Amino acid sequence: MLQGLDASGKDGTIRSVFTGVNAQGCRVVSFTAPAGHERAHDYLWRVHSACPERGEIGIFNRSHYEDVITVRVRGLAPEAVWKRRFGHINDFERLLTDEGTTLVKVYLHISRQEQRRRLQSRIDNPERRWKFQAADLEDRARWDEFQRAFEETLTKTSTEWAPWYVVPSDRKWVRNVAVGSLLVEILCRLDPQPPEPVEGFTGLVVDEGRDPLLARQEPGADITGTTVP
């Protein structure tokens, strides 16, 4: 789960860190402003429905934390509304971890000077200009407000079951090494294993015979020592 200000490197982290991971076992979800049927549900609905299945790595580019950070800073909800969401989020993440999901929450911390440089490079480079939006400058003008919002959010939602990891991201290689090392450590601790094989295939040999012997096996029959044509 990656959070950070605009240009902090969420996209770049995903591209770099997950380059060598089998794409069949990963799913990236980017959370922009809710729209359509998402607005007809509670703010956690779209996040819960996007959570990874068992055995899958889910990668969130932004997340439900936008509902206590961006919503707060831009004044999209009253203080009484976004403040009670800290408790909702802690309970939601406790539910996920109790049911077997491991959460890795990473805040990419970028300096104001580096953000200015990256935003300017997006404007100056026609091939990267598509990443720039006028709202980026509006949010940059609220820098101090975003810093206070992130500080309170990280403090109130860094829990024993779902801690936050703050990663410096001014230098991209430092950011990538830090996030990659963190994920390697956690995956080694989890020690994921492939599914258990179906029993009864010990000694099975596949050859070039023509008789469809395997096809004639009754469902559930023991085919130990069978030669497959």
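Just so you know, these numbers come straight off a predicted model, no measurement behind them.

**Student:** Go over the overall build of the protein with me, naming the residues and quoting the values.
**Tutor:** Across its full length, the protein holds eight helices and seven strands. In summary, the protein has a C-alpha radius of gyration of 23 Å against a globular reference of 17 Å for 229 residues, an excess of more than 25%. With respect to the principal axes defined by its C-alpha atoms, the protein has extents near 75 × 40 × 35 Å. Looking at the protein as a whole, 38% of its 229 residues are labelled buried. Look at the contacts in the protein between residues 6 or more apart in sequence, and 68% of them connect residues 24 or more apart. Within the structure as shown, the protein displays about 14200 Å² of accessible surface, and the carbon and sulfur contribution to it stands at 52%. Treating the 32 positive side-chain charges of the protein as one cloud and the 34 negative ones as another, the clouds have centres 10 Å apart.

**Student:** Mind laying out the packing of aromatic side chains, listing which residues take part and the relevant values?
**Tutor:** Evaluation of the coordinates by the stated rule reveals four aromatic pairs. With a centroid separation of 4.9 Å and 70° between ring planes, the pair formed by Y65 and W164 is classed as edge-to-face. Linking Y65 in the loop between β3 (57-61) and α3 (70-73) with W164 in strand β5 (residues 164-168), this pair joins segments that are 99 residues apart in sequence. The burial state of Y65 is the same as that of W164; both residues are buried. Between W82 and F86 the ring centres are 6.4 Å apart and the planes differ by 85°, which places this aromatic pair in the edge-to-face class. Residue W82 and its partner F86 are located together in helix α4 (residues 79-98), separated by four residues, close to a single helical turn. With respect to burial, W82 and F86 carry one shared label: buried. Lying over the aromatic face of Y43, R85 brings its terminal NZ or CZ to 4.3 Å of the ring centre. Here the basic side chain of R94 rests over the ring of W161, its NZ or CZ set 4.5 Å away from the ring centre.

**Student:** Hey, could you go over α4 for me, with residue numbers and the actual values?
**Tutor:** With 20 residues, α4 should cover 28 Å at 1.5 Å per step; its first-to-last C-alpha distance of 30 Å lies within 8% of that length. Of all the bends in α4, the greatest measures close to 30° and is centred on F86. Within α4, the full set of buried residues consists of W82, R85, F86, I89, N90, F92, E93, L96 and T97. Buried residues in α4 make contact with α2 (45-49), α3, β4 (105-109) and α7 (143-157).

**Student:** Describe the pattern of salt bridges, listing the residues and the values that go with them.
**Tutor:** Evaluation of the coordinates by the stated rule reveals 15 salt bridges. The closest approach of N and O atoms between R94 and D98, which form a salt bridge, is 3.2 Å. You can see R94 and its partner D98 sitting in helix α4, four residues apart, about one turn around the helix. Assessed through its relative accessible area of 37%, R94 is described here as partly exposed. Exposure remark for D98: the relative accessible area of 53% places this residue in the exposed category.

**Student:** Which residues make up the nonpolar core, and what are the values?
**Tutor:** Nonpolar side chains tend toward joint burial in soluble globular proteins. Ranked by size, the top nonpolar core spans 29 residues in total, and within it F60, Y65, I69 and F150 carry the most contacts. The set of elements that each furnish at least two residues to this core consists of α4 and α7. Ignoring any residue separated from it by four or fewer positions in sequence, one finds Y65 in contact with M1, Q3, I89, E93, K105, T153, T157 and W164.

**Student:** Quick one: what's the story with helix α8 (residues 172-190), residue by residue and with numbers?
**Tutor:** A rise of 1.5 Å per residue sets the reference length of α8, with its 19 residues, at 27 Å; its end C-alpha atoms lie 27 Å apart and thus fit the reference within 8%. Residues of α8 that are buried include every one of R175, N176, V179, G180, L182, L183 and I186, and no others. Seen end-on, α8 carries its buried residues on one side only, within an arc spanning 160°. Counted as exposed and oriented over 90 degrees from the buried face of α8: W173, E185, C188 and R189. Summarising the contacts, the buried residues of α8 are in contact with α1 (10-17), β4, α5 (112-124) and β5.

**Student:** Describe the packing of α4 against α7, listing the residues and the values that go with them.
**Tutor:** Close contact between α4 and α7 brings their axes to 10 Å; oriented N to C, the two are set at 40°. Here α4 lies oblique to α7, going by the angle between them. Between α4 and α7 lies a crossing of right-handed hand. Side by side, α4 and α7 meet where W82, K83, F86, I89, N90 and E93 of the first sit next to E152, T153, K156 and T157 of the second. When grouped by side-chain class, the residues that make up the contact of α4 with α7 number three nonpolar, three polar and four charged.

Parameters at a glance
- One numbering rule holds for all chains: residues counted from 1, following each sequence as written.
- With the structure being a predicted model, the display of local features is reserved for residues of pLDDT at least 70 and the display and counting of side-chain atom pairs for 80 or more, all residues being used for whole-chain, interface and lining totals.
- As a convention, hydrogens and water are excluded, and side-chain values are obtained from all of the structure's heavy atoms.
- In this description a helix means any DSSP run of H or I spanning at least four residues, a strand means any run of E spanning at least two, and both kinds are numbered starting from the N terminus.
- In this description the radius of gyration comes from C-alpha coordinates, and the expected globular size is given by 2.2 Å times residues to the power 0.38.
- Categorising residues by exposure relies on relative accessible area from a 1.4 Å probe, with only protein chains included: less than 20% of the type maximum marks a residue as buried, more than 50% marks it as exposed, and the intermediate range marks it as partly exposed.
- By the convention used here, residues are in contact when the closest approach between their heavy atoms is within 4.5 Å.
- For the area figures, the Shrake-Rupley method with a 1.4 Å probe applies, and any residue is considered shielded solely by the protein chains shown.
- The charge count includes Lys and Arg as positive and Asp and Glu as negative, but it does not include His or the ends of the chains.
- A charged residue contributes its charge at one atom only: NZ of Lys, CZ of Arg, CG of Asp or CD of Glu.
- Any two of the Phe, Tyr and Trp rings considered here, Trp counted by its six-membered ring, make a pair once their centres fall within 6.5 Å; the pair's planes then place it as stacked at under 30 degrees, edge-to-face at over 60, or tilted in between.
- A positively charged side chain is recorded as over a ring if its NZ (Lys) or CZ (Arg) lies within 6 Å of the ring centre. The angle to the ring normal must also be within 35 degrees.
- A helix is expected to span 1.5 Å for every residue after the first.
- Bend angle per residue: angle between axes fitted to the 7 residues ending at that residue and the 7 residues starting there.
- Between Lys or Arg on one side and Asp or Glu on the other, a salt bridge is scored when a side-chain nitrogen of the former is within 4 Å of a carboxyl oxygen of the latter.
- Among the buried residues, those of types Ala, Val, Leu, Ile, Met, Phe, Trp, Tyr and Cys that are joined through side-chain atoms within 4.5 Å form a nonpolar core.
- For this quantity, the arc is that covered by the directions from the helix axis to the C-beta atoms.
- Fitted lines through C-alpha atoms give the axes, limited to the stretch in contact for helices. The angle between two N-to-C directions lies from 0 to 180 degrees.
- Here the word oblique covers every angle except those under 35 degrees (roughly parallel), over 145 (roughly antiparallel) and from 65 to 115 (roughly perpendicular).
- For any pair of crossing helices, the crossing counts as left-handed if the nearer helix is rotated counterclockwise from the farther one by less than a right angle, and right-handed if it is rotated clockwise.
- Residues were grouped as follows: Ala, Val, Leu, Ile, Met, Phe, Trp, Tyr, Cys and Pro as nonpolar; Asp, Glu, Lys and Arg as charged; and all remaining residues, including Gly, as polar.

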